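What the coordinates show
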Amino acid sequence: MKNIKHIAIAAAFGWTLTLSSCSEFMDLEPSTEYTEEMVFEDAQLTQAFVNELYNNIQNGAKEHTLDGLTDDAYFTHNYGQKAINETAVSESGLEWYDNDNNPFKWANRYKGIRYANVIINNIDNVPPKAGFDLDRMKGEAYYLRAHMYHELVRGYGGVPIVTKNFTLNDMEAMKQPRSSIGDCLDFILSDLEKAEQFLPVTVSDSELGRVTKFVATGLKARILLHIASPLYADRTINTLPENQFTGDRQAIYRAAKEAAVKVINESPFKLIDCSTGSNTQRAELFKAIITDRKNSEQMFVRNFGTEAGDKNDMGKWHGPNGYHNWAGTTPTQDLVMAFEFEDGSLPQGMTRPGDNQVGNPYIGREPRFYGTVATDGNEWGRPRPADGQSLDPTPTGRLQAGYYEVTDGDADISLELPDKSKVSFKGVNGIDTRKGPIEDWNGSWTGYYERKLIDCAVDAQYYSQAVPWTYMRLAEMYAIAAEASVELGELEDAAKYLDMLRARVGNVDTRKALAAQGRQFNQTDLREFVRHERRVEFAYESVRYFDVRRWMIADVTNSKPLTGILVFGRLKAGQTQNRPYVHNEDKYTYYYYVTSLGNESRKWDNKMYFAPISRDEMRRNTKLVQNPGMQ
């Protein structure tokens, strides 16, 4: 958040206020040349402290992402994050849950909460100063505290609500029990209502990344929908009383819908029309919603610069190995098959290991597919690096995620197919495979690459990208309004909001898509349709991890065999092709085989609906109750 952190704090003051603590749970004494009293005697210092508070919410522009723990993606390198190991997680073995990339990491979020408490409990005593809006600072602190609590709740369920600034003399008072999920919801909503009172409706371009009034309203819609969901009504798997919602779920769905509709109707944010042009052009318009530094759909983002300490390196972390990138989190075959064709129908077959097809299975998909997933033969968007240009001389790069016969081939290609038969020919290994000549260890296991979050024009091996991380965008409000409408039995409204979301990329309307998929316009089928829509619209935006849990479908989604694609090209009769190989469907017949990835054998355990609280926290605060199965 360049405008907030580095200009306001580093440039203006040359310092960062830090608070130290012997506990990861509560705030104690400030440890800096600026005492707490000094900070809140000067509105300029207070502003710097508020600016720094933004850095306590975690963005998802990382090598590890929440999507690597879902059926949408696989983390290539198997270090630090393995979905297979989720069932082994416990309070003494947190694994990835103790990673700083975790948006609901207990210690990090409570650290931010205690900073927010310091601001909220002191800001009314700060003397006014020209050029500094203390009410707005207060609104930002309330919003950011609510945001951190909403992350904790989505990860752990009911958590302790802390509003007091504790000192070293308050060690026993620090030990607070977990509040119920209903009390946590009420607290978050209260903070957001206060934030709405003080936050502006818009901000200037120089302040992009700061929260506004309708961001607070949007977060209300999100947390209301989350708590209204089946997980919190369950009493068989969700057995901890603190995690069970006892209120009126229909009223909560109603409130979620009202908040989302308020943002849609009253906020300055607008859906971007991506419906013009070819499929490829519409895909790029959709992708730009994420990669642009500013557009009318972005509600709350984490902006990045490109200098040291303020970088988004997703291009390097997740891009193709044939560009000297790391292929960090790659799409699964399961996600690929979730994207509709243009007529609204869903692809059939090609879901189980051994399923195969001759000819391109990706033709005619809806635009969001091409903006999200990169497949064999796709243009990447920039020339290859120097050591790859002789292997792929195309001006914008054509992905080589397969194996290809060439007339003067120098490699003995021998591929074992899922049925254990073999295909052999003289050819070349694709540059972007795990047998390619450039960084083969960084090649994708799934045969696909992520595209959505990457500025493909940037030479990511050397340069960072100026792509923001999206915490919230307007499309989510349409999805919330649609889902809440389904659960309220207001199916016409659900279709209305879905149709507006789908029309902006040129997709057929809900009724036509349902018919094309052999479904009915009823609550059951529309519920599945909404869930499917969320999956493809928000792929790689850290949404599905929480969705499959709140819907209680993770026992299905997270136990699926992990699958990818094997692609190879054979020259058609009478055709020749010398090196370098270039994708050409006139010369080649391409074969596609669904493969099973033996790297992970995923298994779901119902204890994983809620994350473990660390043993250290449990020992530090003896009033905490652990989530079931995590002892």
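A quick note: this is a predicted structure, and the numbers were derived from the prediction, not measured. (Residues numbered from 1 in each chain as written. Predicted model: local features only at pLDDT ≥ 70, side-chain atom pairs only at ≥ 80, totals over all residues. Heavy atoms only, no water.)

What about the overall build of the chain?
Of the regular secondary structure elements, the chain holds 21 helices and 12 strands. Here the C-alpha coordinates of the chain stretch approximately 85 × 55 × 50 Å along the principal axes. By the burial criterion, 61% of the 631 residues in the chain qualify as buried. Considering only contacts within the chain whose residues lie at least 6 apart along the sequence, 72% involve residues at least 24 apart. For the chain, the exposed surface amounts to about 23000 Å²; the carbon and sulfur share of it is 47%. Averaging the locations of the 73 positively and 87 negatively charged side chains of the chain gives two centres separated by 2 Å. (Helix = DSSP H or I, 4+ residues; strand = E, 2+ residues; numbered from the N terminus. Buried < 20%, exposed > 50% of the residue type's maximum accessible area, 1.4 Å probe, protein only. Contact = heavy atoms within 4.5 Å. Areas by Shrake-Rupley, 256 points an atom, 1.4 Å probe, with all protein chains shown as cover. Lys, Arg positive; Asp, Glu negative; His and termini not counted. Charge placed at Lys NZ, Arg CZ, Asp CG, Glu CD.)

Here we look at the side chain of E487
Relative to the helices and strands, E487 is located in helix α15 (residues 474–487). There is a polar contact of 2.8 Å between the side chain of E487 and the side chain of R527. With residues near it in sequence (within four places) discarded, E487 still touches Q250, Y253, Q523 and R527. (Polar contact = N/O pair within 3.5 Å; in protein donor to acceptor, adjacent residues only side chain to side chain.)

Brief notes about helix α16 (residues 491–503)
Taking 1.5 Å per residue, 13 residues should reach 18 Å; α16 reaches 18 Å between its end C-alpha atoms and fits that length. Of the positions making up α16, those classed as buried are L491, A494, A495, Y497, L498, L501 and R502. Where α16 is buried, its residues contact α10 (249–266), α14 (367–372), α15, α17 (510–516) and α18 (523–537). (Expected span 1.5 Å × (residues − 1).)

Some details on the packing of aromatic side chains
Taken as a whole, this structure holds 30 aromatic pairs when the rule is applied. Ring geometry for W106 and Y156: centres 5.1 Å apart, planes at 90°, overall edge-to-face. Residue W106 is found in helix α4 (residues 106–122), and its partner Y156 is found in helix α5 (residues 134–156); the two are separated by 50 residues along the sequence. Overall, W106 belongs to the buried group, its relative accessible area being 4%. The exposure class of Y156 is buried, given its relative accessible area of 3%. For the pair Y404 and Y581, a centre-to-centre distance of 3.8 Å together with 5° between the ring planes defines the contact as stacked. (Phe/Tyr/Trp six-rings, centres within 6.5 Å; stacked < 30°, edge-to-face > 60°.)

So, the environment of Q333
Assignment of secondary structure puts Q333 in helix α13 (residues 333–336). Since its relative accessible area comes to 2%, Q333 is described here as buried. In the structure, Q333 is positioned 230 residues away from P103 in sequence and 26 Å away in space, judged by C-alpha atoms. When neighbours within four sequence positions are excluded, Q333 is seen to be in contact with M350, Y448, T563, G564, I565 and V594.

Regarding empty space enclosed by the protein
On inspection of all chains with the given rule, the structure shows 9 cavities of 30 Å³ or more. The computed volume of the largest cavity comes to approximately 420 Å³. Lining the largest cavity are 30 residues, with R154, R222, E541, S542 and V543 sitting closest to its centre. Mapped by element, the contributors of at least two residues to the lining of the largest cavity are α5, α8 (213–228), β10 (469–473) and α19 (544–550). Counting residues per element, the lining of the largest cavity draws most heavily on β10, which supplies 5 residues. Along the lines of polarity and charge, the residues of the lining of the largest cavity split into 10 nonpolar, 10 polar and 10 charged. (1 Å grid on protein atoms, 1.4 Å probe; cavity = no way out; pocket = protein on both sides within 12 Å on 5 of 7 lines; lining within 4 Å. Points joined across faces, edges and corners; volume = space filled by probe spheres on them. Nonpolar A, V, L, I, M, F, W, Y, C, P; charged D, E, K, R; others polar.)

Details of the pattern of salt bridges
Enumeration over the complete set of coordinates arrives at 53 salt bridges. One salt bridge in this structure joins K129 and D42, with 3.5 Å as the shortest N-O distance. A residue pair is termed long-range when its members are at least 10 positions apart, and K129 in the loop between α4 and α5 and D42 in the loop between α2 (36–39) and α3 (43–53) qualify at 87 residues. Residue D42 is classed as partly exposed on the basis of its relative accessible area of 23%. Several salt bridges converge on common partners, so that one network encompasses E297, E340, E366, R368, K452, R473, R502, R504, E533, E537 and E541. (Salt bridge = Lys/Arg side-chain N within 4 Å of Asp/Glu carboxyl O.)

Digging into the side chain of N558
By secondary structure assignment, the location of N558 is in the loop between α20 (554–557) and β11 (563–571). Within the structure, the side chain of N558 is placed 2.9 Å from the side chain of T557, a separation counted as a polar contact.

Considering the nonpolar core
In terms of nonpolar packing, the biggest core is built from 151 residues, with Y97, Y143, Y149, V159, F300 and M477 touching the most fellow members. Counting residues per element, this core draws most heavily on α5, at 12 residues. Setting aside chain neighbours within four positions, we find Y143 in contact with L192, A195, L199, V211, V215, A216, L219, F300 and M472. Core analysis: the second largest hydrophobic core is formed by 10 residues, A411, F425, L566 and Y593 among them. (Core = buried A, V, L, I, M, F, W, Y, C linked by side-chain atoms within 4.5 Å.)

Quick word on the confidence of the model for the chain
Averaged over the chain, the pLDDT score is 92; the fraction of residues at 70 or greater is 93%. Here residues 1–32 is a poorly scored stretch, pLDDT under 50, and it has 98 contacts once near neighbours within four places are set aside; other chains count. (pLDDT = per-residue confidence, 0-100.)

Some remarks on the pairing of strand β2 (residues 298–302)
Here β2 lies mainly inside the structure; 5 of its 5 residues are buried. With 4 bridges connecting them, β2 and β10 associate as antiparallel partners. In the sheet register, V301 faces β10, and the bridge partner there is T470. (Pairing = 2+ DSSP bridges.)

Describing the sheet that holds strand β8 (residues 422–429)
Judged by pairing direction, the sheet is mixed, and its 6 strands sit side by side in the order β4-β12-β11-β6-β8-β7 without closing on themselves. Of all strands in the sheet, those bounded by a partner on one side alone are β4 (356–358) and β7 (411–416). Shown here is a sheet whose adjacent strand axes are inclined to one another by a mean of 35°, direction ignored. Inspection of the sheet shows β11 paired to strand β12 (residues 588–596) by 9 bridges, in the antiparallel sense. Paired with G564 across the bridge in β12 is T595. (Axes fitted to C-alpha atoms, helices over the stretch in contact; angles between N-to-C directions.)

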